[in-house]
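Residue-level structure breakdown
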Amino acid sequence: MKYEWRKSEKELYLPKAKPEKVSIPAFKFISISGEGNPNSSEFSDCISVLYSLSYAIKMTLKKVGDPPKGYQDYTVYPLEGDWDINAAAKAKFDGTINKDDLVFTIMIRQPNFVEDSFYEEMLAVTKKKKPQPLLENARFETIEEGPCLQMLHVGSYDNEAESFATMEAYAKEAGLERLSKTHREIYLTDFRKVPVEKLKTVLRFKVKSDA
């Protein structure tokens, strides 16, 4: 049977539209970092790199005669992104964000049975089949977020501040401290195909208890 993250990991990827505390364990990701406006062509190219590698891994594993231990077919995980602003913007921050000042690491999670050596093989194959300079910047890494607060945001990315305000108010009442202004976004819908008002994004930031 195909592994479906939407069905098997609802607590991580399908939260309600209200804040909740979760603990995120270590997962494997293909990631790529950059800076600047997410509406740029370079940002789109970064996304393409992640999907090219992720599907190369998925489709090759379906065909190999001796798949890795624990393998089962799976649905590719959703695109995720960690977002911050650059140092210059932080020094003069006035409460508004210029998208050109954004710093990001975007990523797609990989199943635990994918090993570094297989990723390197698929990277080499992708470089030959779909040459792209940004492939040189891709990384295969393990990331552990730990204790976090998250909620589902429905609507435009430009209105996320409203959901973050709700999350921060909840954190204060619950005796939780937000560790930094860096945050994670998980994109459950494709902005190229879904009307802005129906976009669904998981918002998440790291917390610790005040106690």
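Refer to the structure presented above.
This write-up is about the structure you can find in this document. (Residues numbered from 1 in each chain as written. Predicted model: local features only at pLDDT ≥ 70, side-chain atom pairs only at ≥ 80, totals over all residues. Heavy atoms only, no water.)

1. With respect to the overall build of the protein chain
Basically, it comes down to this: The secondary structure listing takes helices from DSSP runs of H or I that are at least 4 residues long and strands from runs of E that are at least 2 residues long, numbered from the N terminus. We compute the radius of gyration from the C-alpha atoms alone; for a globule the expected value is 2.2 Å times N to the 0.38, where N is the number of residues. The buried label goes to any residue with under 20% of its type's maximum accessible area, the exposed label to any with over 50%, and the partly exposed label to all in between, with areas taken from a 1.4 Å probe on protein chains only.
A count of helices and strands for the protein chain gives 6 helices and 7 strands. Ordering the α and β elements of the protein chain from the N terminus gives α-α-β-α-β-α-β-α-β-α-β-β-β. In terms of overall dimensions, the protein chain is globule-like: its C-alpha atoms have a radius of gyration of 18 Å, near the 17 Å expected for 211 residues. When the 211 residues of the protein chain are sorted by exposure, 43% land in the buried category.

2. Here we look at the pairing of strand S2 (residues 79–85)
Selection rule: By this definition, two strands are paired if DSSP reports at least two bridges between them.
With 5 of 7 residues buried, S2 is to be regarded as a mostly interior element. One ladder, built from 7 bridges, connects S2 with strand S3 (residues 102–110); its direction is antiparallel. Looking at the pairing, Ile85 lines up with Leu102 of S3. With 4 bridges joining them, S2 and strand S6 (residues 183–187) adopt antiparallel strand pairing. Looking at the pairing, Asp82 lines up with Arg184 of S6.

3. Considering the environment of Glu121
Looking at the element boundaries, Glu121 is found in helix H5 (residues 116–129). According to the relative accessible area criterion, Glu121 is partly exposed, its value standing at 46%. Spatially, the C-alpha atom of Glu121 lies 25 Å from that of Glu4, the residues being 117 residues apart in sequence.

4. Examining the environment of Arg139
Condition: Residue contacts follow a heavy-atom distance rule, with two residues in contact if any of their heavy atoms lie within 4.5 Å. N or O atoms within 3.5 Å of each other form a polar contact, as long as, within protein, one can give a hydrogen and the other can take it, and as long as residues adjacent in sequence are counted only when both atoms are side-chain atoms.
Inspection of the secondary structure puts Arg139 in strand S4 (residues 139–154). In this structure Arg139 comes out as partly exposed when scored by relative accessible area, which is 31%. The spatial distance from the C-alpha of Arg139 to the C-alpha of Phe29 is 8.0 Å, given a sequence separation of 110 residues. What Arg139 contacts, discounting residues up to four positions off in sequence, is Phe29, Ile30, Ser31, Ile32, Ser33, Thr105 and Tyr119. Within the local environment of Arg139, its side chain forms a polar contact with the side chain of Ser33, the two groups lying 3.2 Å apart. For Arg139, the side chain forms a polar contact with the side chain of Glu141, separated by 3.2 Å.

5. Some details on the packing of aromatic side chains
Here is the rule: Aromatic pairing here means that ring centres of Phe, Tyr or Trp (its six-membered ring) are within 6.5 Å. Orientation follows from the plane angle: under 30 degrees is stacked, over 60 is edge-to-face, and everything else is tilted. A ring is considered to have a charge above it if a Lys NZ or an Arg CZ atom is located within 6 Å of its centre and within 35 degrees of its normal.
One pass over the structure, following the stated rule, counts 12 aromatic pairs. Ring centres of Trp5 and Tyr77 lie 6.5 Å apart, and the angle between their planes is 20 degrees; on these two criteria the pair is classed as stacked. Within this pair, whereas Trp5 is found in helix H1 (residues 5–8), its partner Tyr77 is found in the loop between helix H3 (41–63) and S2, the two being separated by 72 residues in sequence. An aromatic cluster of three or more residues is present, and its members are Trp5, Tyr13 and Tyr77. One Lys or Arg, Arg184, reaches over the ring of Phe29 and ends 5.6 Å from the middle of that ring.

In short, geometric facts, not functional conclusions.
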